[in-house]
Amino acid sequence: MNKFVEKVGVSIASRLGITAVIAAIAAALLGGGYWWVKSQAPRETVKAKETGVKLDVEELAFYGDKDIRVDGKVYRPSENLGEPLPAIIYCQDQSYGESWCRSLAGTGAVAYCFDFKGDGEKARVKELEAALKGILKLRHVDPDKVYLLGEANGCLTAATVAFDNARKIKGLILVSPGFNPLEISRKAKRYDGTILVVDDAKGRKANLAEIEDFID
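Attention here is on the structure that accompanies the text.

Scoring rules and cut-offs
Residues numbered from 1 in each chain as written. Predicted model: local features only at pLDDT ≥ 70, side-chain atom pairs only at ≥ 80, totals over all residues. Heavy atoms only, no water. Helix = DSSP H or I, 4+ residues; strand = E, 2+ residues; numbered from the N terminus. Buried < 20%, exposed > 50% of the residue type's maximum accessible area, 1.4 Å probe, protein only. Contact = heavy atoms within 4.5 Å. Areas by Shrake-Rupley, 256 points an atom, 1.4 Å probe, with all protein chains shown as cover. Salt bridge = Lys/Arg side-chain N within 4 Å of Asp/Glu carboxyl O. Disulfide = S-S within 2.5 Å.

On to the overall build of the chain. If you tally the helices and strands in the chain, you get five helices and nine strands. Its helices and strands taken in sequence order, the chain reads α-β-β-β-β-β-α-β-α-β-α-β-β-α from the N to the C terminus. The 216 residues of the chain split such that 41% are buried. Put simply, of all contacts in the chain between residues at least 6 apart along the chain, 57% involve residues at least 24 apart. If you sum the accessible surface of the chain, you get close to 12,100 Å²; carbon and sulfur atoms cover 53% of it.

Take a look at the structure:
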């Protein structure tokens, strides 16, 4: 009887120990404010339409504080991943961004797009900042070459996040923004990165050539 009780006690202690370890890891991750996980969806391989480069496509979710979660897809070249690559985060809806990301990854970059879930500009800014912090942790990304690409309503969000996180953003790409990005905030004076304004009327091929030169 004593041996049985002892065995049960050891078993319970072992389980509690494992639970404590898991809880500690979770606390450390969440305490850091931001972390990322892969979804269970299998990795997909596609080709960039313009260049024919093979791309790996993977669903990634990034978590921020205050229950913030962004769900999106990351596109990156399947080959030559020995060196970290520039990263571009597309700022608008994922349905529009997938085409952009596929093309951008075909030029040799890591590209990420996601759907905004929050209502209002403040919520969108927080979601983009969560995506930014998650992208900076990916091993294929050069942390010194991270860019934001805004289109339509995403232009304002991208510009705001770039100005508020100037040291983390090397460049800002705005597709037909409809405003002067240097006039949206007094914080613009603190932004040392470069800004590229792209005219969408020129067509995707011309836009990609400009962006490719810009991120080199």
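So that's the structure; there's more coming.
Before going further, it helps to spend a moment on the pattern of salt bridges. A side chain of one charge can pair with a side chain of the opposite charge when the charged atoms of the two come close. What the rule picks out here adds up to six salt bridges. For the salt bridge of glutamate 58 with arginine 76, the shortest nitrogen-to-oxygen distance reads 3.3 Å. Pair noted here: glutamate 58 is in strand β3 (residues 54–63) and arginine 76 is in strand β4 (residues 69–77), with a separation of 18 residues, a long-range link. Like arginine 76, glutamate 58 is buried. When the shortest N-O distance is used, the salt bridge between aspartate 71 and lysine 117 registers 2.4 Å. Placement of aspartate 71 in strand β4 and of lysine 117 in the loop between β6 (110–114) and α3 (121–135) is noted, with a sequence separation of 46 residues between them. Relative accessible area serves as the criterion here: at 26%, aspartate 71 is assigned to the partly exposed category. What you see here is one network of salt bridges that share partners, running through Arg69, Asp71 and Lys117.

Taken as a whole, this structure holds zero disulfides when the rule is applied. In this structure cysteine 91 is a free cysteine whose sulfur lies 8.7 Å from that of cysteine 155, the closest cysteine sulfur available. Of the residues examined, cysteine 91 reaches a relative accessible area of 0% and is grouped as buried. Cysteine cysteine 113 is unpaired, with the sulfur of cysteine 101 as its nearest cysteine sulfur at 3.8 Å. According to the relative accessible area criterion, cysteine 113 is buried, its value standing at 0%.

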